[in-house]
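# Commentary on secondary and tertiary structure
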Amino acid sequence: LHGAGYSAMCGHAVLALGRFALDYGLVAAPSCPETAVRLRCPCGPVTAFVPWDGRCSGNPVRFHSVPAFAAATDLAVDVPGHGKVVVDIGYGGTFYAFLSAEQLGLDVCSSKTRDLVSAASAVTEAVKKQFELHHPESEDLAFLYGTILTDGKDAFSEEPTTNICVFADEQVDRSPTGSGVTARIALQYHKGLIQLNQTRTFRSSTMGSLFTGKAVQATKFGKYNAVVVEVSGEAFYTGTATFTVEEEDPLKYGFFFK
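Below or above, wherever it landed, is the structure these notes cover. (Residues numbered from 1 in each chain as written. Predicted model: local features only at pLDDT ≥ 70, side-chain atom pairs only at ≥ 80, totals over all residues. Heavy atoms only, no water.)

### Regarding the layout of surface pockets
In this structure, the largest pocket encloses a volume near 620 Å³. For the largest pocket, the lining is made up of 30 residues, of which C10, G11, H12, A13 and V14 are closest to its centre. Residue assignment for the lining of the largest pocket shows that the elements contributing at least two residues are α1 (11–23), β8 (161–167), α3 (178–190) and β11 (210–221). Size it by volume and the second largest pocket reaches roughly 380 Å³. What lines the second largest pocket is simply A13, A16, L17, R19, F20, Y24, A235, F236, Y237, T238, G239 and T240. For the lining of the second largest pocket, the class distribution of residues is 8 nonpolar, 3 polar and 1 charged. (1 Å grid on protein atoms, 1.4 Å probe; cavity = no way out; pocket = protein on both sides within 12 Å on 5 of 7 lines; lining within 4 Å. Points joined across faces, edges and corners; volume = space filled by probe spheres on them. Helix = DSSP H or I, 4+ residues; strand = E, 2+ residues; numbered from the N terminus. Nonpolar A, V, L, I, M, F, W, Y, C, P; charged D, E, K, R; others polar.)

### Some words on the packing of aromatic side chains
Scanning the entire structure with this criterion turns up 12 aromatic pairs. Seen from their ring centres, F69 and F95 are 5.9 Å apart, and the 75° between their planes marks the pair as edge-to-face. One end of the pair, F69, is in strand β4 (residues 68–79); the other, F95, is in strand β6 (residues 95–100), with 26 residues separating them in the sequence. Across this residue pair, the class does not change: F69 and F95 are buried. Ring centres 5.9 Å apart and planes at 55° place the aromatic pair F69 and F221 in the tilted group. Residue F69 is found in strand β4, and its partner F221 is found in strand β11; the two are separated by 152 residues along the sequence. Exposure class is identical for F69 and F221. Each is buried. Here the aromatic cluster, defined as three or more aromatic residues joined through ring pairs, consists of F69, Y91, F95, F221 and Y224. One cation-aromatic arrangement involves R62 over F49; the distance from NZ or CZ to the ring centre is 4.3 Å. (Phe/Tyr/Trp six-rings, centres within 6.5 Å; stacked < 30°, edge-to-face > 60°. Buried < 20%, exposed > 50% of the residue type's maximum accessible area, 1.4 Å probe, protein only. Lys NZ or Arg CZ within 6 Å of the ring centre and 35° of its normal.)

### Some thoughts on α1
A rise of 1.5 Å per residue sets the reference length of α1, with its 13 residues, at 18 Å; its end C-alpha atoms lie 19 Å apart and thus fit the reference within 8%. Turning to α1, its buried residues are G11, H12, V14, L15, G18, R19, A21 and L22. Elements that come into contact with the buried residues of α1 comprise β1 (34–41), β2 (44–51), β3 (61–64), α3, β11 and β12 (224–233). (Expected span 1.5 Å × (residues − 1). Contact = heavy atoms within 4.5 Å.)

### A closer look at the state of the cysteines
Each disulfide consists of a covalent bond between the sulfur atoms of two cysteine residues. Scanning the model with the defined rule gives 0 disulfides in all. No disulfide involves C56; its sulfur sits 10 Å from the nearest other cysteine sulfur, which is in C32. For C56, a relative accessible area of 31% gives the class partly exposed. Not engaged in a disulfide, the cysteine C165 finds its nearest cysteine sulfur in C10; these two sulfurs lie 9.7 Å apart. (Disulfide = S-S within 2.5 Å.)

### A word on the side chain of T147
Along the polypeptide, T147 turns up in strand β7 (residues 144–150). By relative accessible area, which is 0% here, T147 ends up buried. Every residue in contact with T147, bar those within four places of it in the chain, is listed here: A97, L99, A120, V123, T124, I164, C165 and V166.

### Some details on unusual backbone geometry
Cis geometry is adopted by the peptide bond preceding P33, which originates at C32 and carries an omega value of 0°. With respect to the helices and strands, P33 occurs in the loop between α1 and β1. For the peptide bond that leads from N59 to P60, omega is -5°, which places it in the cis range. Positive phi is not limited to glycine here, since D74 has a value of about 55°. We note that E170 has phi near 60°; this positive angle belongs to a residue other than glycine. Structurally, the position occupied by E170 is in the loop between β8 and β9 (171–172).

### Some words on the pairing of β2
Most of β2 sits inside the fold, with 7 of its 8 residues counted as buried. Examined bridge by bridge, β1 and β2 share 8 bridges and lie antiparallel to one another. By the bridge assignment, L39 is partnered in β2 with V46. Where β1 folds back onto β2 in an antiparallel hairpin, the turn is made up of 2 residues. Of the pairings in the sheet, the one linking β2 to β3 comprises 3 bridges and is antiparallel in character. Among the inter-strand pairings, A48 is bridged to a residue of β3, identified as F63. (Pairing = 2+ DSSP bridges.)

As structure tokens, then:
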């Protein structure tokens, strides 16, 4: 869940739910050293592979998402306040626009988060107005979820590449974004910048946390040449909570500060 609703796909949630499913008995007979946990996400079936030592789950968790593909590459978009920029649009369970922060006069690692958010949001709105998305199976999924600004290092390298994901109603991801890594790998594979089973490391510019990603299988998804992407990362417990709703509570449906 986020401030504007819920995601069609959330990689970090998959990592966490995979661990939760084993530790809380949702999987009847976990196997060592790793157990597959199949989740039905809004975008489709996703499989998490969770370490299991016979007593509890561990890290890192990895997952295979729905087929990912390049929806558009080198698309020229006129962004108010920034002029023409060139974006790629990739699908990794949801659609994102990708471009280097440099095109917007920013640095993904050193610019103020507020400036990155404002610029990315302007790109998202411009792409929504100037490009129509299509999903191979469900038009309900044919919407742009957000924009991911990168350091421009798309060619394969052993060094991490950094990005920031601005999604939904100007939400900022604390992680490198599982669905975003999936889509970005698909774009890099489509452009010939990465080969099957070449592992790349992705860093969040907000928190410095890391995911790895690799394309593990070429496939078709509707008319698109697609890939199955494996993303790996860590998820940790921070606590448990019980939520209670009392009918008389005037704020029982929640509230939102912005």
